[in-house]
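The primary structure of each chain is shown beneath.
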Amino acid sequence: MLAWFTPMLSVSTVEVDGLVTVPEQQVRDKLEIPSGRSMLRIDTDAMAQRVVSIPKVRSARVQRVFPSKVKVTVVERTPVLFWDSPQGAHLMDADSVEFAIDEPPIGVPKLDTADPGAADPVTRAAVSVLSVLPAALVIQVDEVVARSISNISLNLRDGRTVLWGGTNDAERKAAVVMPLLTRDGTVFDVSSPNLVTVK
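The paragraphs below set out a description of the structure included in this document. (Residues numbered from 1 in each chain as written. Predicted model: local features only at pLDDT ≥ 70, side-chain atom pairs only at ≥ 80, totals over all residues. Heavy atoms only, no water.)

**Notes on the overall build of the protein chain**
Piece 1. Regarding its fold elements, the protein chain presents 6 helices and 12 strands.
Piece 2. Principal-axis analysis of the C-alpha atoms places the extent of the protein chain at approximately 75 × 35 × 25 Å.
Piece 3. Burial analysis of the protein chain (199 residues in total) assigns 40% to the buried set.
Piece 4. Nonlocal contacts in the protein chain, meaning residues at least 24 apart in sequence, comprise 44% of its contacts between residues at least 6 apart.
Piece 5. Separation between the mean location of the 21 positive side-chain charges and that of the 24 negative ones in the protein chain comes to 6 Å. (Helix = DSSP H or I, 4+ residues; strand = E, 2+ residues; numbered from the N terminus. Buried < 20%, exposed > 50% of the residue type's maximum accessible area, 1.4 Å probe, protein only. Contact = heavy atoms within 4.5 Å. Lys, Arg positive; Asp, Glu negative; His and termini not counted. Charge placed at Lys NZ, Arg CZ, Asp CG, Glu CD.)

**Topic: the pairing of strand E6 (residues 98-101)**
Piece 1. In this structure, strand E5 (residues 88-93) lies alongside E6, joined through 3 bridges in antiparallel fashion. In the strand pairing of E6, Met-92 is matched with Glu-98. (Pairing = 2+ DSSP bridges.)

**Some thoughts on helix H6 (residues 170-180)**
Given 3.6 residues per turn, any residue in an α-helix points the same way as the ones three and four places further on.
Piece 1. Along H6, the residues that are buried comprise Ala-170, Lys-173, Ala-174, Val-176, Val-177 and Leu-180.
Piece 2. Where H6 is buried, its residues meet helix H4 (121-132), helix H5 (135-138), strand E10 (161-165), strand E11 (187-189) and strand E12 (197-198).

**Section: the packing of helix H2 (residues 24-31) against helix H3 (residues 44-52)**
Piece 1. Close contact between H2 and H3 brings their axes to 8 Å; oriented N to C, the two are set at 140 degrees. Judged by the angle between their axes, H2 and H3 are oblique. When the axes of H2 and H3 are compared, the crossing they make is right-handed. Here Val-27, Lys-30 and Leu-31 of H2 come into contact with H3, specifically with Met-47, Arg-50 and Val-51.
Piece 2. Here the residues of the contact of H2 with H3 are counted per class, giving 4 nonpolar, no polar and 2 charged. (Axes fitted to C-alpha atoms, helices over the stretch in contact; angles between N-to-C directions. Parallel < 35°, antiparallel > 145°, perpendicular 65-115°, else oblique. Left-handed = near helix turned anticlockwise from the far one by under 90°. Nonpolar A, V, L, I, M, F, W, Y, C, P; charged D, E, K, R; others polar.)

Written out as structure tokens, the structure reads:
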């Protein structure tokens, strides 16, 4: 029982890894480790849950490293698209979680849809389309225009447009779209992946 309270096993160091935009002090504040608390008496699961309550944090793992260190590994949310509002740019990640109003990173596509938000099925459809695109295409997408869950198109940075359609047949569309983009044209229609067209 003595180890439960002994100062030899009290937390002396907290190491936080994985932070990019979240301030380290914000994470440390969420850990709430009392001074002198024994390593054996800290609740690592509860600490991780408090860190995950930070909107920009997707996951957190808290580990004891004996004799006296607590290691926190954070995975931040990464925006896959954003939309503009009077408040600023809303950032959304691949889980369709809107986690910040902030300056969008360079290269993140803008969403153009009637009612953007985490509860909007059309917004979620746009996110799911982006998640299946080949990486070589994602970096070319400037804007995702989502008129409905079955009418989604991608405006590329070079002025070309990919008509994607809905979220169905996503893997097939992803397979045919890159070869199609090697052809001359401005509008590339993969909405029916067995009958693709170029205009």
